[in-house]
Amino acid sequence: MKVSSRCLGPFAVGACEATIAKGMYYMADQAHAAPESGSAGGTRREFLYLMTASAGAFGVASVVWPFVSSLNPSKDVLALASTEYDFGAVQPGEGVTIKWQGKPLFIRRRTPEEIAKAKEADPTVDPKDPTKVIANPAGLRDPQTDAARVQKAEWLVLVGVCTHLGCTPQGEKSSEMRGEFGGYYCPCHGSQYDTSGRIRKGPAPLNLAVPPYTFTSDTKVKVG
Amino acid sequence: MSVGSAILKLATAALGVAAVAFIMAEPGGHLDIPQQKWSFDGFFGSYDRTDLRHGFQVYSEVCSGCHSMNLESYRNLEEIGFTPDEVAAIAAKVQVQNEDPNDQGEMFERPGKASDHFKAPFPNEQAARAANNGALPPDMSLLAKSRAGKGFGGYNGADYIYALMHGYSEPPADVKLNPGMNYNKYFKGHQIGMPQPLQDNSVTFADGAPATLDEEAKAIATFLTWVSESNLEQRKHTGLKAMLFLVAFTLLAYAAKRKVWKHVH
Amino acid sequence: MSKHFNNPVIRWIDHRLPVFSYLDHEANEYPTPKNLNYWWNFGSLAGFMLIAMIATGLFLAMQYTPHVSLAFNSVERIMRDVNYGWLLRYLHMNGASMFFIVVYIHIFRGLYFGSYKAPRELLWQIGVVILLLMMATAFMGYVLPWGQMSFWGATVITNLFSAIPVVGDKIVTLLWGGFSVDNPTLNRFFALHFLLPFVILGVVILHIIALHRFGSNNPIGIDTKGKQDTIPFHPYYTTKDVFGLGIFLLFYAFWVFYFPNALGDPDNYIPANPLSTPEHIVPEWYFLPFYAILRSIPNKLAGVLAMGAAIVVLFFLPWLDRSPVRSGTFRPVFKWFFWMLVFDCAMLMFIGKNPPDWFWQPFAFHVTPSEELVAAAHVPDADSLWSVTFAGGTLGIRILFLGQLATIFYFAYFLIVLPLLSIFETPKRLPLSISEPVLKGGGHAVAHANSKPMEKA
């Protein structure tokens, strides 16, 4: 008495109940079990089908993976993931915009006044855990100390994408609008950032992002 | 089925297989390119890293004077065993044109980066031909794949390149060389525009290995095969896993099929 | 006949859109002859290959650029830089060959077992339409990498349309979108190559619907008489098809992973150059028989018509072969001719690969350029050589002549042999039904004098 495999799974139809019941009856009654339909034969068969189906599923999954993986950035795209820039020509108070991973990157050389202004608005943080903010006198929406956002105080490296809806803020060149806080001003909806790139006014929720970077020499920085 | 009909079918099948073998074989007039044993042959082959490094040296010191390799990037050299710093140094040795102009609108040159493609020796085809007697030295990115013998089981591109390097000689008495041409036993038509590029000690290998013509030819053939087919090792490795899985799966499927069909047979 | 499903979600959907009932019917109730042999696996393998080609092709299309200056390099970028790009490309490239192998075997199965006979004539013709669509798709797909063979193969084949009288040149200009194969041609070939597989998918659905109208043919060609002759498709043929798929995938994987370029032409790894023609312009192996037929007739228009006729003749097969016996199993003379046709098609493949003015020297296992025999025979030129010659010291047959013989046999099979066999062949005795020989333990049951007369197709 074989239990048809179509009686397994979500597509089982009503008639299968009788079949399964009969199968169970036979499995229980060893004395009447024909050699072929013994419980051992039945479960061995189901095991074989399960093994084959599982192997098939594993095969399908291993074939799907390369397809999905091909959508990830390819090697030539990854090779351009980091950019090196020589900033030797940038004057204090000036900034340059370069392209990094398809996005604008701000590199600004800050004057001592700009650095001081940034530090003035610093929140007080727990020295043991800099992410824990104890006091925020300037009312920063996204409280961060200036020191946490730069490696060398003179050099501000930021991703030039407004955290509101993605426009490019103005302010890299001293001829552009820098807003009330002397940092950056986003013309789309009026978000204003300070000299540390922190959001001070306007709809943006977060500070301008700081990308991963290292100084490879006194005049070169590698971003990404 | 009767014996006669079985024999007929078998004979036809055999003839069909022979026909297919013929189909796959190269049409006549072939040059008898001898086949070598390569480290990357066979189901488990891989590229010999020493040959690859030697080959890169041969390319950069000899071939790159005339032959471009536009589809290869300096960063690919990390697969041969160069460190990222070594790769950056190799790239920085050349000056390449920057993608964008400067702020004055002029194009300018800068040192190469790992992400750049190999710099071509000539800016365009016309300049290459002008420098080479009207002949165009072919780009080497796919040379090994494009010079393989047609068909199944024939010589591969590495065999051809290796043979070509050894094929230079004085022309036999009945062959008159056209001006500017050189005699090569393995080149189609036997007259090739390229003068013999490699001799013993054309390069000095960085690891001190002897640089005989044979070693140089083997090195450049391996290197050019790697440039054409860098997926080879991953491909054969994945192939092994795929075949093992498929054998296991087919056996399981066969057992399941027999089980299902037991009562019908 | 809606079934009562146990799962309530499935019941809800099925009541409104009876897809589950339909699938359940097709899988579990659809009666399939119980004696199908492994030659019947190739239909499902073809369906699998269609899906595989669409999947790989889709992901390749995400990375490919259909412009003459960028196409070749975009394919190489896929091979070198895209994660598993080499795998996608080799699966698609070798998949085309696998698809044709499977479909050709599927067609020869139909030819041998009389699957094209009533009432399956339309099923057969829909299949021929699928073959034509596949050939168009494959031809355009080969152009996309923009290698030397891509370009020159496209040039040769599109030029054939100029053979059409009066409007030929205008049609070719329309096809090209210019004065030669160039960017407009490439771009439209890409668009059409992307579209046609979905058209094929639609026609395949029609093909299956037509099949299910009367059910599958079977190796002895005798209609099923009742439940004793049939078994449900699931689980019998599902498990058999899965097993067959495993064997096939081993074959496919062998090419993809170990000999990915053996079925192709190395010249296609040279970027297309309109100013430099390759020495031998050869299509992919699956087009070689038709290429041979094309070249066997010296007149351009006649050659094109012959090549087209080679496929069109298949449309008329149900009316060319009117033998009341379906299966070749019971047609002893037909069997000989069938295998000769198989051999003939293999020879046409061989002929298509080689230049027509060269000579096949069978006992030397060699195909020799005509220049060598011209020198050996001391004749002024290749045209002075006879089509059958001993000039090279052994028997040599001109490829062109061989091709003409093979073409004549190909058409003779369909237009002369089959109609004559329909009238004159004495078939072997047919069993009464599918079950009968099996019940009696093999061999043919002989129809008794007082039982029904010989089974008609």
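Remember, predicted model here, so these are calculated numbers, not experimental data.

Thresholds, definitions, all that
Residues numbered from 1 in each chain as written. Chains lettered and ligands numbered in written order. Predicted model: local features only at pLDDT ≥ 70, side-chain atom pairs only at ≥ 80, totals over all residues. Heavy atoms only, no water. Helix = DSSP H or I, 4+ residues; strand = E, 2+ residues; numbered from the N terminus. Buried < 20%, exposed > 50% of the residue type's maximum accessible area, 1.4 Å probe, protein only. Contact = heavy atoms within 4.5 Å. Rg over C-alpha atoms; globule rule 2.2 N^0.38 Å. Areas by Shrake-Rupley, 256 points an atom, 1.4 Å probe, with all protein chains shown as cover. Lys, Arg positive; Asp, Glu negative; His and termini not counted. Charge placed at Lys NZ, Arg CZ, Asp CG, Glu CD. pLDDT = per-residue confidence, 0-100. Salt bridge = Lys/Arg side-chain N within 4 Å of Asp/Glu carboxyl O. Nonpolar A, V, L, I, M, F, W, Y, C, P; charged D, E, K, R; others polar. Buried area = accessible area lost by both parts, 1.4 Å probe. Polar contact = N/O pair within 3.5 Å; in protein donor to acceptor, adjacent residues only side chain to side chain. Pairing = 2+ DSSP bridges. Axes fitted to C-alpha atoms, helices over the stretch in contact; angles between N-to-C directions. Disulfide = S-S within 2.5 Å.

A. Structural view of the overall build of chain A. Within chain A one finds 4 helices and 11 strands. Within chain A, buried positions represent 37% of all 224 residues. The long-range fraction of contacts in chain A, counting pairs at least 24 apart against all pairs at least 6 apart in sequence, stands at 53%.

B. The overall build of chain C, seen in detail. Check the secondary structure of chain C and you find 17 helices and 6 strands. Taking 2.2 N^0.38 as the reference for a compact globule, 457 residues should give roughly 23 Å; the C-alpha atoms of chain C span a radius of gyration of 25 Å, in line with that estimate. Expressed as lengths along the three principal axes of its C-alpha atoms, the size of chain C is roughly 75 × 60 × 45 Å. Counting contacts in chain C only where the partners sit at least 6 residues apart, residues at least 24 apart contribute 76% of the total. When the accessible surface of chain C is totalled, it reaches about 20400 Å², and 72% of it is carbon and sulfur. Taking the average place of the 29 positive charges on the side chains of chain C and the average place of its 26 negative ones, the gap between the two points comes to 12 Å.

C. Local environment of the confidence of the model for chain A. Within chain A, residue pLDDT values average 82, and 82% of them lie at 70 or more. Between residues 17–38 of chain A, whose pLDDT stays under 50, and residues either more than four places distant or in other chains, the model counts 16 contacts.

D. Highlighting the interface of chain C and chain B. Tallying the contact residues gives 61 residues for chain C and 52 residues for chain B. In this structure, the connection of chain C to chain B is made through 5 salt bridges. Its salt-bridge partner being Arg75 of chain B, residue Asp81 of chain C comes within 3.2 Å of it at the nearest N-O pair. Elements with a minimum of two residues in the side of chain C that touches chain B: helix H4 (71–80), helix H5 (85–113), helix H10 (233–258), helix H14 (332–353) and strand E4 (366–368) of chain C. Of the residues forming the side of chain C that touches chain B, the biggest block, 17 residues, is contributed by H10 of chain C. Broken down by class, the residue content of the side of chain C that touches chain B amounts to 43 nonpolar, 7 polar and 11 charged.

E. Up close: the interface of chain A and chain B. Across the contact, 16 residues belong to chain A and 12 residues belong to chain B. Interface area, chain A with chain B, both sides summed: about 1200 Å², of which 74% is carbon and sulfur. Linking chain A with chain B are 0 salt bridges, by the criterion used here. The tally of links between chain A and chain B comes to 0 residue pairs in polar contact (both at pLDDT 80 or more). Elements represented by at least two residues in the side of chain A that touches chain B include exactly helix H2 (39–69) and helix H3 (75–79) of chain A. Considering each element in turn, the side of chain A that touches chain B owes the most residues, 10 residues, to H2 of chain A. Counted by class, the side of chain A that touches chain B contains 7 nonpolar, 3 polar and 6 charged residues.

F. Structural detail: the sheet that holds strand E8 (residues 192–194) of chain A. All names here are of chain A. Read from one edge of the open sheet, 3 strands run E7-E8-E9, paired in antiparallel fashion. A strand with exactly one partner marks an edge of an open sheet, and here the two such strands are strand E7 (182–185) and strand E9 (199–201). This sheet shows a mean twist of 40 degrees between the axes of neighbouring strands, independent of strand direction.

G. Representation of the state of the cysteines in the model. Residue and element names in this part refer to chain A. Following the criterion strictly, the structure yields 1 disulfide over all chains and no others. A sulfur-sulfur distance of 2.1 Å marks the disulfide that ties Cys167 to Cys188. The disulfide joining Cys167 to Cys188 has a torsion of about -100 degrees about its S-S bond and is therefore left-handed. Taken as a pair, Cys167 in the loop between strand E6 (155–159) and E7 and Cys188 in the loop between E7 and E8 lie far apart in primary sequence, 21 residues in all. Look at Cys167 and you get partly exposed, because its relative accessible area is 22%. Distance from the sulfur of Cys186, which forms no disulfide, to the nearest cysteine sulfur (Cys162) is 3.8 Å.

H. Seen up close, the pattern of salt bridges. In the structure shown here, the tally under the stated rule is 29 salt bridges over all chains. Between Glu229 of chain B and Arg235 of chain B there is a salt bridge; the shortest N-O distance is 3.5 Å. Exposure class is identical for Glu229 of chain B and Arg235 of chain B. Each is buried. Arg326 of chain C is the salt-bridge partner of Asp223 of chain C, the closest N and O atoms lying 2.9 Å from each other. Here the residue Asp223 of chain C occupies a position in the loop between helix H9 (183–214) and strand E2 (230–232), and Arg326 of chain C occupies one in the loop between helix H13 (317–320) and H14, the gap between them amounting to 103 residues. Here the salt bridges share partners, and the residues they tie into one network are Arg108, Glu114, Glu172 and Arg178 of chain A.

I. Fine view of the sheet that holds strand E2 (residues 95–100) of chain A. All names here are of chain A. Taken together, the 3 strands give an open sheet; going across it, the order is E2-E3-E6, and neighbouring strands pair in antiparallel fashion. In the strand order of this sheet, the two ends are held by E2 and E6, each with one partner. Averaged over all pairs of adjacent strands, the angle between strand axes in this sheet comes to 20 degrees, irrespective of strand direction.

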